[in-house]
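# Fold and contact review
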Amino acid sequence: LCFLILSISFLIYIFIPKTIIRTITAFCAFLAILIASTLLISFFMGTIIEAEHLGLVQPHSQNPYNSGHMSPVTAIMYIIASLGILLLCLPERKQLHTNAASFMALAVIIVGFVILLGYLHGTPLLYGGTFIPVAFQTALAFVFFGLGIILESGTSVPAVRLFAGSSMRSRLTRAFLPVAVAFVLISDMLEELVLSSMVNPALTSALIATI
């Protein structure tokens, strides 16, 4: 529900930047903040809000956590992303507001990317024990949602300026940063796959470095 009201209203505002649409988008962002804040407070108070199920009966789970409820990490990311949208919907938006919105979106992207890495490597990052996990599709949606907020912020914000410029530094960053991240991920995956079948760790590391 939060994703629907946020993404649809924000998408309409991007294509139809009128005052009434901006007001509706800001209201939807405020509503998402209200919903996420309520669920976050109820989580820390140890209470369960039955209205969260919206009439759907959650089947009994063997997990040590309540998987039928919103994760507190998800609620925090909703609040941060919604605040970024509110800043972009200000009638007299200044560069400071745009910069703040882009950094909030960047925080959402980083958290979502870390959770995706946790699923990729099979390690429960940002949750564990009785902590409600963030779903894989939720983390992926937050990454795309944060990218949408950053793109709407423009190329003048610090979070984008390094990548979107025409200088030699920007071109090199666009060329080498994705490759560097891909090399790290591929190296870790190779080490995980090969290390279990080889006895000599030094030979394994040397082969992976060579590849």
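Here we summarise the structure given alongside this text. (Residues numbered from 1 in each chain as written. Predicted model: local features only at pLDDT ≥ 70, side-chain atom pairs only at ≥ 80, totals over all residues. Heavy atoms only, no water.)

### Focus on the overall build of the chain
Helix and strand counts for the chain come out as eight helices and zero strands. From first element to last, N terminus to C terminus, the chain shows the α and β order α-α-α-α-α-α-α-α. Across the 211 residues of the chain, 32% fall into the buried class. Restricting to contacts in the chain with at least 6 residues of sequence separation, those with at least 24 account for 63%. (Helix = DSSP H or I, 4+ residues; strand = E, 2+ residues; numbered from the N terminus. Buried < 20%, exposed > 50% of the residue type's maximum accessible area, 1.4 Å probe, protein only. Contact = heavy atoms within 4.5 Å.)

### Overview of the packing of aromatic side chains
Applying the stated criterion across every chain, the model contains six aromatic pairs. Look at Tyr119 and Phe136: their rings are 5.7 Å apart centre to centre, the planes differ by 85 degrees, and that puts the pair in the edge-to-face class. Here Tyr119, found in helix α4 (residues 95–121), pairs with Phe136, found in helix α5 (residues 136–153); they are 17 residues apart in sequence, far enough to count as distant. Judged by its relative accessible area of 40%, Phe136 is partly exposed. Members of the aromatic cluster, each reached through a chain of ring pairs, are Phe3, Phe10, Tyr78, Phe142 and Phe145. (Phe/Tyr/Trp six-rings, centres within 6.5 Å; stacked < 30°, edge-to-face > 60°.)

### Let's talk about helix α2 (residues 19–45)
Over its 27 residues, α2 extends 39 Å from the first C-alpha to the last, a length consistent with the 39 Å expected when each residue adds 1.5 Å. Residues of α2 that are buried include every one of Ile21, Arg22, Thr25, Ala26, Cys28, Ala29, Ala32, Ile33, Ala36, Leu39, Leu40 and Ser42, and no others. At the exit of α2 stands Gly46, carrying a positive phi of roughly 75 degrees. (Expected span 1.5 Å × (residues − 1).)

### Let's talk about the nonpolar core
With 36 residues, the main nonpolar core has Leu6, Ile85 and Ile149 as its most contacted residues. Setting aside its immediate chain neighbours within four residues, Ile149 contacts Phe10, Ala81, Ile85, Leu88, Ala101 and Ala105. (Core = buried A, V, L, I, M, F, W, Y, C linked by side-chain atoms within 4.5 Å.)

### Here we look at the environment of Leu11
As for its position among the elements, Leu11 is in helix α1 (residues 2–15). Note on Leu11: relative accessible area 48%, which makes it partly exposed. The spacing of Leu11 and Gly148 is 137 residues in sequence and 8.9 Å in space, taken between C-alpha atoms.

### Some points on α1
Here α1 contains 14 residues, and its C-alpha end-to-end distance of 20 Å stays within 8% of the 20 Å for a straight helix at 1.5 Å per residue. Every buried residue of α1 is accounted for by Cys2, Ile5, Leu6, Ser9, Phe10 and Tyr13. Taken end-on, α1 shows its buried residues confined to a sector of 110 degrees, consistent with a single buried face. Across α1 from its buried face, at more than 90 degrees, point the exposed residues Leu4 and Phe15. Considering only its buried residues, α1 is in contact with α2, α3 (72–88) and α5. (Arc of directions from axis to C-beta.)

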